[in-house]
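# Close look at the chain arrangement
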Amino acid sequence: MSTGAGVVTIAGASALGLLTVFVLWRRVPAGAAFAVMASCGVGVAVGGLLVQDQVGTVSWVVAVVVLGVITPVHARLVFGPPGRAHVVAAGPGAA
């Protein structure tokens with residue numbers, strides 16, 4: 001059990017995730033956005049497991065894999081597709 005390290009890991013991963021979805025989500029390529037969000041999910045899982053006593057191996061595997069997969073999916077569902085939108089405005093003659 002390492003409570004301090006767990007709290008710092010959770011806070012750091014959360015801060016990076018907030019920065020990514022609110023500032024960088026539309027500015028970085030989709031692959032980079034998903035990779036950063038996956039690493040944030042893994043960071044939250046690791047931090048959560050560090051603050052607990054007597055965590056088994058299965059808990060480590062399941063938590064890291066599940067949050068590593070669910071976090072980018074959740075961000076995609078809530079904030080839409082990452083990266084620049086490929087929308088071109090119609091010209092004046094399109095109406």
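A brief report on the enclosed structure follows. Small disclaimer: the values here were computed from a predicted structure and weren't measured.

Helix and strand counts for the chain stand at three helices and zero strands. Counted from the first residue to the last, the chain has its helices and strands arranged as α-α-α. Classification of the 95 residues of the chain by burial places 23% in the buried group. For the chain, the share of sequence-separated contacts (at least 6 apart) that also reach a separation of at least 24 residues comes to 70%. Accessible surface computed for the chain: about 6100 Å², of which carbon and sulfur atoms make up 72%.

Applying the stated criterion across every chain, the model contains two aromatic pairs. Centroid distance Phe-22 to Phe-79: 5.4 Å. Interplanar angle 85 degrees. Geometry classified as edge-to-face. Taken together, the residues Phe-22 in helix 1 (residues 3-24) and Phe-79 in helix 3 (residues 57-79) connect sequence positions 57 residues apart. Residues Trp-25 and Phe-34 carry aromatic rings whose centres are separated by 5.9 Å and whose planes lie at 85 degrees to one another, so their mutual orientation is edge-to-face. By relative accessible area, which is 30% here, Phe-34 ends up partly exposed.

Compared with an ideal rise of 1.5 Å per residue, which puts 21 residues at 30 Å, helix 2 (residues 30-50) spans 30 Å between its outermost C-alpha atoms and is within 8% of the ideal. Along helix 2, the residues that are buried comprise Ala-33, Met-37, Cys-40, Gly-41, Gly-43, Ala-45, Gly-47, Gly-48 and Leu-49. Buried residues in helix 2 make contact with helix 1 and helix 3.

The rules behind each value
Residues numbered from 1 in each chain as written. Predicted model: local features only at pLDDT ≥ 70, side-chain atom pairs only at ≥ 80, totals over all residues. Heavy atoms only, no water. Helix = DSSP H or I, 4+ residues; strand = E, 2+ residues; numbered from the N terminus. Buried < 20%, exposed > 50% of the residue type's maximum accessible area, 1.4 Å probe, protein only. Contact = heavy atoms within 4.5 Å. Areas by Shrake-Rupley, 256 points an atom, 1.4 Å probe, with all protein chains shown as cover. Phe/Tyr/Trp six-rings, centres within 6.5 Å; stacked < 30°, edge-to-face > 60°. Expected span 1.5 Å × (residues − 1).

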